[in-house]
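What follows is the residue order along each chain.
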Amino acid sequence: MAAVVLVAAAALLLLRSAVDTSPSGLGRSTVDDPGPTVSLPPRPTPPYDRLPGRTPIPAPAQTGDGLSGPLPAIGGPDKRAAAAAVYLVLGRYCFDPGRYTFTLDPDHDGTREDFHHVDVLVFRLDGSGSGPDLRLILDWAGRSYRWLGFLNLLDGC
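Residues numbered from 1 in each chain as written. Predicted model: local features only at pLDDT ≥ 70, side-chain atom pairs only at ≥ 80, totals over all residues. Heavy atoms only, no water.

**Q** Looking at this structure, how should I read the state of the cysteines?
**A** Such a bond, covalent and formed between the sulfur atoms of two cysteines, is termed a disulfide. Considering all chains together, one arrives at one disulfide under this definition. At a sulfur-sulfur separation of 1.6 Å, the disulfide partner of cysteine 94 is cysteine 157. As the torsion about the S-S bond is roughly -90°, the cysteine 94-cysteine 157 disulfide counts as left-handed. Of this pair, cysteine 94 sits in the loop between α2 (79–93) and β3 (100–108) while cysteine 157 sits in the segment after β6 (145–150); the two residues are 63 residues apart in sequence, bridging distant segments of the chain. (Disulfide = S-S within 2.5 Å. Helix = DSSP H or I, 4+ residues; strand = E, 2+ residues; numbered from the N terminus.)

What follows is the structure in structure tokens.
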């Protein structure tokens with residue numbers, strides 16, 4: 001009988017230690033308290049082209065407020081190679097390049113598109129923002145494209 005009373009007293013003490021006895025009178029239980037909030041690790045900063053599944057491209061040169069750099073040979077100059085070139089640049093500077101889409105605006109010689117010089121506008125797929133998020137220029141350099149962009153790329157997208 002004494003053992004039952006002792007076990008009941010221990011259970012009561014344990015229950016009391018798990019109940020909030022603050023003056024608010026809410027009597028909240030701390031047993032279900034998840035503890036401190038777990039935060040995600042900070043997102044890395046660009047360049048992201050060393051992440052798995054991405055193709056590294058050379059570091060750009062900075063001239064004034066612009067950046068430019070060569071890209072690996074991927075065919076071209078044509079629409080497919082220009083699109084692949086944009087994906088290489090987005091892969092370096094955008095943590096999640098799948099959140100973006102872009103338009104290609106090649107030069108025209110009057111009858112057909114000329115992909116030796118291509119203006120590129122990059123937009124978020126979610127439609128946020130009032131205009132393009134990035135502007136790029138692709139220039140054909142004989143075997144591959146060379147890209148030109150602005151310093152804000154260094155902050156990522």
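Next, the rest of the story.
**Q** Would you mind going over the sheet that holds strand β1 (residues 61–63) with me for this structure?
**A** Strand pairing in a sheet is mediated by backbone hydrogen bonds. Such pairs are either parallel or antiparallel. Reading across the sheet, the six strands line up as β1-β2-β6-β5-β4-β3 and stay open at both edges, with antiparallel pairing between neighbours. Each edge of the open sheet is held by one strand with a lone partner, namely β1 and β3. Looking at each pair of strands side by side, their axes are set apart by 25° on average, direction ignored. Bridge count for strand β4 (residues 113–124) against strand β5 (residues 134–140) is six bridges, and the pairing is antiparallel. Counterpart to aspartate 119 in the pairing with β5 is isoleucine 137. Packing of α2 onto the sheet brings it into contact with β3, β4, β5 and β6, and relative to β3 it is tilted by some 135°. (Pairing = 2+ DSSP bridges. Axes fitted to C-alpha atoms, helices over the stretch in contact; angles between N-to-C directions. Contact = heavy atoms within 4.5 Å.)

**Q** What's the story with the nonpolar core in this structure? I'm lost.
**A** The nonpolar side chains of a soluble globular protein tend to be buried with one another. Counting 27 residues, the largest nonpolar core has Leu71, Leu138, Tyr145 and Trp147 as the members making the most contacts within it. Among the secondary structure elements, those contributing two or more residues to this core are α2, β3, β4, β5 and β6. Of the residues forming this core, the biggest block, nine residues, is contributed by α2. Ignoring any residue separated from it by four or fewer positions in sequence, one finds leucine 71 in contact with Ile57, Ala85, Leu88, Val89, Leu138, Ser144, Tyr145 and Trp147. (Core = buried A, V, L, I, M, F, W, Y, C linked by side-chain atoms within 4.5 Å. Buried < 20%, exposed > 50% of the residue type's maximum accessible area, 1.4 Å probe, protein only.)

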